[in-house]
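Per-entry structural report
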Amino acid sequence: MNRLQTMSVALIALTPLAAQAEVTICASLSVTGPAASLGIPEQQTLAFLPEEAGGQAIRYVVLDDATDPTKANTNARKCVEDEKADILLGSSTAPTSASVAAVAGETGTPVIALAPVTVDAAVEPWVYRSVQKNALMASALIEHMQKTGVTRLGFVGFADAYGEDWLKTVTPMLEAAGIKLVAVERFARTDTSVTGQVLKLVASAPDAVLVAGSGTPSALPAVGLRERGFAGQIYQTHGSATTEYIRVGGPSVEGSILPVGPVVVAPQLPVSHPSRGIGVEYYTAYVAQYGEGSVSAFGGMMFDAGQLAAAAIAAAEGTPGTPEYRMALRDALEGLTDVVSVNGVYNLSADDHYGHDQRSRVLVQVTDGAFKYLALD
Amino acid sequence: MRTPLLTFLAAVVLVLPASGVLPAFWATLLNMIGISAIVALGLVVLTGVGGMTSFGQAAFVGVAAYCSALLTTRYGFSPWLALPVVLVVTSIAATLIGLVTVRLSGHYLPLGTICWGMAVYYLFGNLDLLGGFNGISGIPPVSLFGHPLLDSRQFWPLVLVMLGVSLYLTRNLLDSRAGRAIRALRSGTTAAEAFGIAPARAKLAVFIYAGFLAGLAGWLFAHLQRSVTPTAFSLNAGIEFLLMAVIGGSGRLWGAVLGAAIVVLLKNALQDYLPLLFGSIGSLEVIFFGVVLVLTLQKAREGLWPVLAEHIPQRRSPVDEIATALAMPVRPKGEGPFLLEAIGINKRFGGLVAVNDVSFSLAKGEILTLLGPNGAGKSTTFNLLTGVLSLSSGEVRIAGHSVAGASPSQIAGLGVARTFQHVKLVPEMSVLENVALGTHLRGDSGFLRCLLRLDRPQEAQLLAEAARAIRRVGLADRIHSPADSLSLGETRIVEIARAICLAPRVLLLDEPAAGLRKAEKNRLAELLRELRAEGLGILLVEHDMDFVMSLTDRIVVLDFGTRIAAGLPDEIRKNPRVQEAYLGSVA
Amino acid sequence: MDSTIALFLVQDGLINGAIYALLAVCFVLLFAVTRIIFIPQGDFVAFAGLTLAALEMGVAPGSALLLVCLGVACALFDLAGLRNWPPAGWLLRRLGAYLALPLVLWLGVRDLAPMDLPVWADICLTLVIVVPMGPFTYRLAFEPMRNASILALLITSVGVHLVMMGLGLLFFGAEGYRSTPIWGGTILLGPMMIQGQSALLMVCTLVILGLLWCFFTRTLAGKALQAAAVSARGAELVGISVETAGRRAFVLAGLIAAIAGILIAPITTLYYDSGFLIGLKGFVAAIVAGFASFPGAVFSAIVLGIIEAFAAFWASAFKEVIVFGLVLPILLWRSLTNPHDEEH
């Protein structure tokens, strides 16, 4: 432990330490604050991550950033400077992940973000993601829209980075697909009423509405739309892929369609899906510990991050705690191919630090109060 | 720097983290402390000294951080070139918001700061120019002699220097004419106005200064984090800065540093140890800070610095009484025989007539007493003469000039000084500082001059003048005592000393002898006679008949707001109406 | 925008406005009696809604345990403040209120919650759990600050809000909850379709405001509170101490907040931190009314609700900017029309 203690301890710390035997993975997660419903399952997944890889023991440290980018920055510094982290994980949202990534780039530490964060070219070599690109997720939805003949789409998204990213992602894709975006509305996580937005959506007569929110709040527009008699399809994003969303939305969210990582419906996946085996394993273990319906896409992202890190550790040579080792880990991460995890198969390369393909997302529909796998073809 | 020890400590703090001897994370924490302390310092001046609570200071940090981010990423400014622009922009923003905010009275002010704190956060998040809720990243680091300050250890000296500059400027400010004016506002504006301080201007100046410091912190923040997002400048951040100021001691310079250090270090410690104690990580930190805030307010309302400072011996620089005397203030020449005339003045509150058609006049070198039972309208008359209340009808002339509609500070500018029935001193200021408030109109050092310590020669003159007045009223041995340690009688004398410092033509004394012991009364009477001999006109409101009768030249008797008699003391003593209305009731 | 949409927006504004009105009345009441600007008011609303939702799901709500914690803290505060041994009756009453009541509630709720209770029973349980939090909070945070300035009380109140929000996350978790409507039907009124729960909310708000009015003008206890609101001396004259008046005001505020929470829980999703924004808007309404007039507070709350509804329709991204931005000019106008408000 290398905490803030007395001067004498600090001075002792100056003497060169014996080569560390274990690899340190340090995560900054949004366990509290607005993104707590993402951070909590991520934190809970910690127990299911590999304890060693390639003969090296792995030590995990988790810090809470309260969904605050400033704190995420401090956490990342603490990870690198205080905990001597070899790999960073996190954070749960794009703005907090950007903070962590900035420190990662500055200190030369590889980071696996759990949010689709965009960073500068200078920092990019150090940043990997175990989350699907919004574009990948959106493509599944748009495919479904085209198949079912949706031509007019209404959009209502979070008034934050998440909603903003989704809007930016889908706008050109919709245009290319010939779907008209007829209304764009915003709402906040803590809004008690979205009547104004819903009225405006309904007034623009869309065939379907896309709600871009995360966690339970995204149920509110769905409820409002149904109350105002909207009968069209309601699409949600993967941010809402928690059973809490169904619980809060009740009958109003029945039939809504979401793109998710395969883990959410692991037991329902076709046998041919590569993630089925490892997915069911994680799914069963998680359910055993946290109860039926507790599995969310977010925990899956953390699990994937763990798998990627472990694969990189197994491949990298060097002494943990040194810049050379971190560089080796980075190189190893960039070279990973065919890493099968619960959210698909990762093939990372210098151009692609997401590494996902079509196998990393499936569509699900809320049917009888549960997520049901929805085959796209 | 106050002592060699402090200088030594500063050197240690500067060199150690930067040298790479200490763990880098210490430097990270120190940077956080330093930047927060600069914001908290602004709050110390704003809240602790100026009495204006702001929950919205993070908004100014945000304005500055965003401004610098925008200039450096989009328009290719270097951070150093951006700094002056950032400070100007933040000051302008503070001026605009301040123009509205400082006019809010009482508790509306903090509520207003909550509201703009919220509004600015949502504004940041919704402007495409500012990158929306994702903010702006890729901000370049500050370079020093061609070296980019990337690491927190390299950045620390910069933070320390900026903090040092902020502390230096703030100390200069508080220890000056402008600072006294600000400090006087905390305990109400009536007394401050009576000595020529314009509260709205002083408050605005403080508000802008606090915004300026927040701007400096915002610039540092932007180039330390090298990315900005709205969340960092939300209301919660504003509350945290206030928490620092309150915990450290919202009235004290070093309280800001102490508070910032406590909050940042505690946060870090809580993050380390709370999970060990309670298992799950979660919301315990915010609960803890809430409890700390409430307990601080319950147990140590002035914060923790005063508790610590008790053990640090205070050194006081002696007042240089031989500084060149202040020039006499330039005032409009007196016209006519009287210094002060009330001509048929009236004051009605709704249906109640408090002062009814009262006239009197006061000549040079004369002591006039207003006499009357409680509720006769004496204090109301005082407030009418000094512009605290506006006349319903009638006219007040000072040295022949009509002062209809003039503010208390304008009337003070004409050479009218007063004391208050309910003593209005600033309790936490020393006798010297309180009395020096009286010299406010005789100096002209503005905010900037005071900040940069260019006011020293004049400040020495002002303090010397105050010290002379204190010696003259016989309180030389209490010159450095805080005002709240004095007896009631002494505070009345201090008020008189403060009034004398204005170099008044007219002195209005509201019950100066109340609460004085016999010997003190005699000394006071002696002083008043001296002043009369110097040509002052003195208007007294007094209950103590023995004190008045031996001293006053003439008496005006009021009852129920109406003048019932006027004349020499002996005539009044014999007047049957007066005996009935006043003397009878006393006896 | 056509008239139907406008009508819906007005309806939406009225619903939100009604909740803000209830809170605004609490703010005015508490400020008048205790000089406290009670920011955590909204947190109680969220707590009540979450408690009800938990009971409906058959789970013992965390708030019951929270009440036990608060009670223990109150008892400790009381005992620590004792100089000599108190009369047995006093001790029993205090310990009964601070220790026995929460404990009995907690144990009872653990057994009752899994049973399929009728709605009214859930509501009653919610009330008895949430209402005592008002006076308990007063005892813990504000009673020790008898002579503090309004500003010190305000900052304390922000501190209490931080604690409440943290406790909310601890006891209720990060997820949102929504309870089932007490009345699920709909009313058709011309082109308007009004949800039963919304109608119920507005009727209840009117009834509560009416009852409050009766309480303050017709009953002795209400008049005593009003007297206390005028001045501490007024309170002494009618024979209640400042503390008693404060406690009663907090009971009343807790009650109104709890009812507001119960009414709003089926209409929206509540989170542990939803209360702050709801409270802040009630509080804005109270400010606009100058913290003095009950009818003024109700009126401004409803206007605020309607402004918010229309802002959400026209410029949803800037809704909060509009609502909070509007406050500054109103505050300014308040200060200028009420200039010599020098209280220190």
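Predicted model, so just to flag it, every value in this text is computed and none were measured.

Conventions used here
Residues numbered from 1 in each chain as written. Chains lettered and ligands numbered in written order. Predicted model: local features only at pLDDT ≥ 70, side-chain atom pairs only at ≥ 80, totals over all residues. Helix = DSSP H or I, 4+ residues; strand = E, 2+ residues; numbered from the N terminus. Rg over C-alpha atoms; globule rule 2.2 N^0.38 Å. Buried ≥ 20, exposed ≤ 12 C-beta atoms within 10 Å, placed from the backbone. Contact = placed C-beta atoms within 7 Å. Pairing = 2+ DSSP bridges. UniProt positions renumbered as here; feature names shortened; annotations may be inferred. pLDDT = per-residue confidence, 0-100. Axes fitted to C-alpha atoms, helices over the stretch in contact; angles between N-to-C directions. Parallel < 35°, antiparallel > 145°, perpendicular 65-115°, else oblique. Left-handed = near helix turned anticlockwise from the far one by under 90°. Nonpolar A, V, L, I, M, F, W, Y, C, P; charged D, E, K, R; others polar.

On to the overall build of chain C, then. Looking only at helices and strands, chain C features 14 helices and two strands. For chain C, whose C-alpha radius of gyration is 20 Å, the value lies close to the compact-globule estimate of 20 Å for 344 residues. Principal axes of the C-alpha set define a box for chain C whose edges measure 70 × 60 × 35 Å. Counting every position in chain C, which comprises 344 residues, the buried fraction comes to 52%. For chain C, the share of sequence-separated contacts (at least 6 apart) that also reach a separation of at least 24 residues comes to 78%.

This part is about the overall build of chain A. Assigned secondary structure in chain A consists of 12 helices and 15 strands. For 377 residues, the compact-globule estimate of 2.2 N^0.38 gives 21 Å, and the C-alpha radius of gyration of chain A, at 21 Å, lies within 12% of that figure. Along the three orthogonal principal directions, the C-alpha set of chain A runs to about 70 × 45 × 40 Å. Contacts in chain A between residues far apart in sequence, at least 24 positions, make up 66% of those at least 6 positions apart.

What follows concerns the interface of chain A and chain B. Interfaces are frequently sized by the accessible area removed from exposure as the parts join. Listed as interface residues are 29 residues of chain A and, on the opposing side, 28 residues of chain B. The element contributing the most residues to the side of chain A that touches chain B is helix α3 (residues 69–82) of chain A, with eight residues.

Moving on: the sheet that holds strand β6 (residues 127–129) of chain A. Residues and elements named next belong to chain A. If you walk across this open sheet you meet the six strands as β2-β3-β1-β4-β5-β6, and the pairing is mixed. In this open sheet, the two strands that pair with only one neighbour each are β2 (52–53) and β6. Here seven bridges tie strand β1 (residues 23–29) to strand β3 (residues 56–64), and the two strands are oriented parallel to one another. Directly across from Cys26, in β3, lies its bridge partner Val61.

All names here are of chain B. Among the structural elements, Ala37 can be located in helix α2 (residues 24–49). Distance in space between the C-alpha atoms of Ala37 and Ala222 is 16 Å, their sequence separation being 185 residues. What Ala37 contacts, discounting residues up to four positions off in sequence, is Leu163, Ala256, Val257 and Ala260.

Let's shift gears to the UniProt feature "domain: Leucine-binding protein" (unreviewed entry) in chain A. As recorded in UniProt, the feature "domain: Leucine-binding protein" (unreviewed entry) lies at residues 23–355 of chain A. End-to-end, the C-alpha atoms of residues 23–355 of chain A are 24 Å apart, and along that stretch the chain is 42% helix and 19% strand.

All names here are of chain C. Averaged over every residue, the pLDDT of chain C is 84; the share at 70 or more is 95%. Counting contacts from residues 340–344, a segment whose pLDDT is below 50, to residues more than four positions away or on other chains yields nine contacts. For this predicted complex, the interface score ipTM comes out at 0.86, alongside a pTM of 0.84.

Moving on, we come to the pairing of strand β14 (residues 562–567) of chain B. Residues and elements named next belong to chain B. Two elements, strand β13 (residues 554–559) and β14, share five bridges in a ladder whose sense is antiparallel. Along β14, the bridge assignment pairs Ile555 with Gly567. Hairpin connection between β13 and β14: a loop of two residues separates the two successive antiparallel strands, and Phe560 in this loop has a positive phi of roughly 50°.

A few words on the interface of chain B and chain C. Contacts between the two partners involve 37 residues from chain B, matched on the other side by 39 residues from chain C. Contributions of two or more residues to the side of chain B that touches chain C are made by α5 (108–126), α10 (235–248) and α12 (284–299) of chain B. Considering every element that reaches the side of chain B that touches chain C, the biggest residue donor is α5(B), with 11 residues.

All right, on to the packing of α12(B) against helix α7 (residues 150–172) of chain C then. Across the interface, α12(B) lies against α7(C) with an axial gap of 7 Å and an inter-helix angle of 155°. As far as their axial angle goes, α7(C) and α12(B) are roughly antiparallel. Between α12(B) and α7(C) the crossing geometry is left-handed. Residues Leu284(B), Val286(B), Ile287(B), Phe289(B), Gly290(B), Val291(B), Leu293(B), Val294(B) and Leu297(B) of α12(B) pack against Ala152(C), Ile155(C), Thr156(C), Gly159(C), Val160(C), Leu162(C), Val163(C), Met165(C), Gly166(C) and Leu167(C) of α7(C). Looking at the contact of α12(B) with α7(C) residue by residue, the class counts come to 15 nonpolar, four polar and no charged.

Here the focus is the pairing of strand β8 (residues 393–398) of chain B. The side chains of a regular strand alternate, first on one face of the sheet and then on the other. Residue and element names in this part refer to chain B. Alignment of strand β5 (residues 338–349) against β8, held across five bridges, turns out to be antiparallel. Looking at β8, one finds that Asn346 is bridged to Ser393. What sits between the antiparallel neighbours β8 and strand β9 (residues 401–402) is a turn of two residues, in which Ala399 has the positive phi angle 50°.

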